[in-house]
Amino acid sequence: MTTTIRKFRVADIRVLGQHRPLDKDKVRALADSIKAIGLRTPPTVRPSKKGPILVTGQHRLEAAKLL
């Protein structure tokens with residue numbers, strides 16, 4: 001299996017299907033961490049004809065949107 005790292009605009013990543021409910025405190029803490037040390041593990045997305053779709057990392061994605 002090959003892993004490909006590609007950059008996407010945060011605003012282009014769509015959240016579909018079922019994900020855990022967002023915890024606003026966790027999102028804020030992640031945003032603070034990203035600001036201090038950077039994003040160590042990016043959200044995982046899969047490509048689709050309409051743009052990237054979130055697989056894992058909804059809290060990280062929302063934290064990135066805050067920044």
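Computed from a predicted structure; not experimentally measured. (Residues numbered from 1 in each chain as written. Predicted model: local features only at pLDDT ≥ 70, side-chain atom pairs only at ≥ 80, totals over all residues. Heavy atoms only, no water.)

Undergrad: Just to check I follow, could you spell out the overall build of the protein chain for this structure?
TA: Broken down by element type, the protein chain carries 2 helices and 2 strands. Helices and strands in the protein chain line up, N terminus first, as α-β-β-α. With the principal axes as the frame, the protein chain shows a C-alpha extent of 30 × 25 × 20 Å. Looking at the protein chain residue by residue over its 67 residues, the buried ones come to 21%. For the protein chain, long-range pairs separated by at least 24 residues make up 69% of all intrachain contacts whose partners lie at least 6 apart in sequence. (Helix = DSSP H or I, 4+ residues; strand = E, 2+ residues; numbered from the N terminus. Buried < 20%, exposed > 50% of the residue type's maximum accessible area, 1.4 Å probe, protein only. Contact = heavy atoms within 4.5 Å.)

Undergrad: Honestly, helix α1 (residues 24–37) in this entry has me stumped. Any pointers?
TA: Counting along an α-helix, one turn takes 3.6 residues, and residues three or four places apart therefore face a common direction. Here α1 spans 20 Å end to end across 14 residues, near enough to the 20 Å set by a 1.5 Å rise per residue. When α1 is considered as a whole, its buried residues turn out to be Val-27, Ala-31 and Ile-34. Across the axial projection of α1, the buried residues extend over an arc of 65°, all falling on one side. Structural note: α1 exposes Asp-25 and Ala-36 on the side pointing more than 90 degrees away from its buried face. Looking at the buried positions of α1, the neighbouring elements they touch are α2 (58–66). (Expected span 1.5 Å × (residues − 1). Arc of directions from axis to C-beta.)

Undergrad: Before we go on, may I ask you to explain the pattern of salt bridges in this structure?
TA: Any two side chains of opposite charge can pair, so long as their charged atoms come close to each other. In this structure the tally under the stated criterion is 3 salt bridges. Where Asp-12 meets Arg-9, a salt bridge forms, and the shortest distance between an N and an O atom there is 3.2 Å. When its relative accessible area of 35% is taken as the criterion, Asp-12 is described as partly exposed. Looking at Arg-9, the relative accessible area reads 57%, which means it is exposed. (Salt bridge = Lys/Arg side-chain N within 4 Å of Asp/Glu carboxyl O.)

Undergrad: It is not clear to me how α2 should be interpreted in this structure. Could you clarify?
TA: Of all the residues in α2, the buried ones are Gln-58, His-59, Leu-61, Glu-62 and Ala-63. The elements touched by buried residues of α2 are α1 and β2 (53–56).

Undergrad: What should I look at first to understand the environment of Lys-26 in this one?
TA: Within the element layout of this structure, Lys-26 appears in helix α1. Placed 22 residues apart in sequence, Lys-26 and Thr-4 show a C-alpha to C-alpha distance of 28 Å. Apart from residues lying up to four places away in sequence, Lys-26 is in contact with Arg-20 and His-59.

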